[in-house]
Amino acid sequence: MKLDINLINGDSITITDDTYISAWKSSSSRFSDDGDNYYLESIFEGNFEDGKVTDEDEVIKIEGLIGAADWFTIGKDSNKTYKSTAVLSISRD
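Residues numbered from 1 in each chain as written. Predicted model: local features only at pLDDT ≥ 70, side-chain atom pairs only at ≥ 80, totals over all residues. Heavy atoms only, no water.

Trainee: Explain the nonpolar core to me, please; I cannot follow it from the model alone.
Mentor: Nonpolar side chains in soluble globular proteins tend to end up buried together. In this structure, Ile 5, Ile 13, Ile 15, Ile 21, Ile 62, Phe 72 and Ile 74 are the most contacted members of the largest nonpolar core, which totals 18 residues. Secondary-structure elements contributing two or more residues to this core are strand E1 (2–7), strand E2 (12–16), strand E3 (20–28), helix H1 (58–68) and strand E5 (71–74). At four residues, the largest contribution of residues to this core is made by H1. Once you skip the residues sitting within four places of it in the chain, Ile 62 turns out to touch Leu 3, Ile 5, Ile 21, Phe 48 and Ile 90. (Core = buried A, V, L, I, M, F, W, Y, C linked by side-chain atoms within 4.5 Å. Buried < 20%, exposed > 50% of the residue type's maximum accessible area, 1.4 Å probe, protein only. Helix = DSSP H or I, 4+ residues; strand = E, 2+ residues; numbered from the N terminus. Contact = heavy atoms within 4.5 Å.)

Trainee: Quick question: what am I supposed to make of empty space enclosed by the protein here?
Mentor: In this approach the atoms are scanned with a rolling probe the size of a water molecule, which exposes any empty space left behind. Tallied over the entire structure, the rule returns one cavity of 30 Å³ or more. If you go around the largest cavity, the residues you meet are Ile 21, Ala 23, Ile 62, Leu 65, Ile 66, Ala 69 and Phe 72. Secondary-structure elements contributing two or more residues to the lining of the largest cavity are E3 and H1. Partitioning the lining of the largest cavity into residue classes produces seven nonpolar, no polar and no charged. (1 Å grid on protein atoms, 1.4 Å probe; cavity = no way out; pocket = protein on both sides within 12 Å on 5 of 7 lines; lining within 4 Å. Points joined across faces, edges and corners; volume = space filled by probe spheres on them. Nonpolar A, V, L, I, M, F, W, Y, C, P; charged D, E, K, R; others polar.)

Trainee: I would appreciate a short explanation of the side chain of Ser 84 in the present structure.
Mentor: Structurally, Ser 84 is set in the loop between strand E6 (82–83) and strand E7 (87–92). Classification of Ser 84 as buried rests on a relative accessible area of 12%. Engagement of the side chain of Ser 84 in a polar contact is seen with the backbone oxygen of Ala 69, the distance being 2.8 Å. For Ser 84, the contacting residues outside a window of four places in its chain are Ile 66, Ala 69, Asp 70 and Phe 72. (Polar contact = N/O pair within 3.5 Å; in protein donor to acceptor, adjacent residues only side chain to side chain.)

As structure tokens, this is what we get:
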């Protein structure tokens, strides 16, 4: 399996079965005791093949993950985080 996440700036990110992905959802709390009202909640961390979606279509799996996430990284030691709204399309080879 090989998918390409195409970004609005023209860049493309390749995803394979063993690609490590981390994804977060933005959260906020008016009730935070320490004054930190904005934070990210981890919603996925692992290889793409670790996804819990039962559908066999890999495009649907990555669409669901990116659709649920606000931010994501590709690669275990990645130093780049992507905003999910930067995704233009997902294509399959």
